[in-house]
Amino acid sequence: MERNNQLHRQVILSRQSLFDQGFLDEQFLQLEELQDDANPNFVEEIVTLHYRDSARLILSIEQALERNPLDFNKLDSLMHQFKGSSSSIGAKKVKAECTLFREFCSAGNGEGCIRTFQQLKKEYATLKKKLEAYFQLARQAGPAQTACRPK
């Protein structure tokens, strides 16, 4: 029982650190509110689908960035999709990089797009790793009381 309580505390601290470090925003909390006993892994399933679908978008953006001349309208459209998908899971830092990328598209700044895309991929990979660790810890801890908002 004590080990279980300790695991639950670790889950809460791990989750809180994702907010404190600016990786997640309110949208993640809204997803958690949709999770219930009938669908206890709802958030993890949504996040997993996001990462599966966004891999295709990242590849498309990489291919578009290799073209010369750059098609800023196409890049902006792809990034708009990626930003929407990232917003839906509350990926705060990723979303911020998407916004910056789109600003570079509007300005016709290919160098800025490429630089920002590299940073976006780092934020994306970091969040993915952190969320995977969080969900693994949550599965180990098992069901807990209802989700609580971070302070």
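Reading the values: rules and limits
- Residues numbered from 1 in each chain as written.
- Predicted model: local features only at pLDDT ≥ 70, side-chain atom pairs only at ≥ 80, totals over all residues.
- Heavy atoms only, no water.
- UniProt positions renumbered as here; feature names shortened; annotations may be inferred.
- Core = buried A, V, L, I, M, F, W, Y, C linked by side-chain atoms within 4.5 Å.
- Buried < 20%, exposed > 50% of the residue type's maximum accessible area, 1.4 Å probe, protein only.
- Helix = DSSP H or I, 4+ residues; strand = E, 2+ residues; numbered from the N terminus.
- Contact = heavy atoms within 4.5 Å.
- Salt bridge = Lys/Arg side-chain N within 4 Å of Asp/Glu carboxyl O.
- Axes fitted to C-alpha atoms, helices over the stretch in contact; angles between N-to-C directions.
- Parallel < 35°, antiparallel > 145°, perpendicular 65-115°, else oblique.
- Left-handed = near helix turned anticlockwise from the far one by under 90°.
- Nonpolar A, V, L, I, M, F, W, Y, C, P; charged D, E, K, R; others polar.

Identification of the chain as Histidine-containing phosphotransfer protein from Manihot esculenta is taken from an unreviewed UniProt entry. According to UniProt, the comment filed for the chain under the heading Function (unreviewed entry) is "Functions as a two-component phosphorelay mediators between cytokinin sensor histidine kinases and response regulators (B-type ARRs). Plays an important role in propagating cytokinin signal transduction."

S.K.: When you look at the nonpolar core in this model, what are you seeing that I'm missing?
M.R.: Phe28, Ile61, Phe82, Phe101 and Leu131 are the most contacted members of the largest nonpolar core, which totals 39 residues. Elements supplying a minimum of two residues to this core: helix H1 (2–20), helix H2 (26–34), helix H3 (42–66), helix H4 (72–88), helix H5 (92–107) and helix H6 (110–141). Here this core gets ten residues from one element, more than from any other, and that element is H6. In this structure, Leu131 is in contact with Leu18, Leu24, Phe28, Val47 and Tyr51, ignoring residues within four places of it in sequence.

S.K.: Honestly, the pattern of salt bridges in this entry has me stumped. Any pointers?
M.R.: A side chain with one charge may pair with a side chain of the opposite charge, provided their charged atoms come close. On inspection of all chains with the given rule, the structure shows five salt bridges. Linking Arg15 and Glu32 is a salt bridge whose minimum nitrogen-to-oxygen distance equals 2.7 Å. Here Arg15 is found in helix H1, whereas its partner Glu32 is found in helix H2, with 17 residues between them in sequence.

S.K.: I tried to follow the packing of H3 against H6 on my own but got confused; where do I start?
M.R.: Contact geometry of H3 with H6 gives a least axis separation of 11 Å together with a crossing angle of 160°. On the basis of their axis angle, the class for H3 and H6 is roughly antiparallel. Our pair here, H3 against H6, has a crossing hand that is left-handed. Across the interface between the two elements, Val43, Glu44, Val47, His50, Tyr51, Ser54, Ala55, Ile58, Ile61, Glu62 and Leu65 from H3 touch Cys113, Ile114, Phe117, Lys121, Tyr124, Leu127, Lys128, Leu131, Phe135 and Arg139 from H6. Here the contact of H3 with H6 is built from residues that sort into 14 nonpolar, two polar and five charged.

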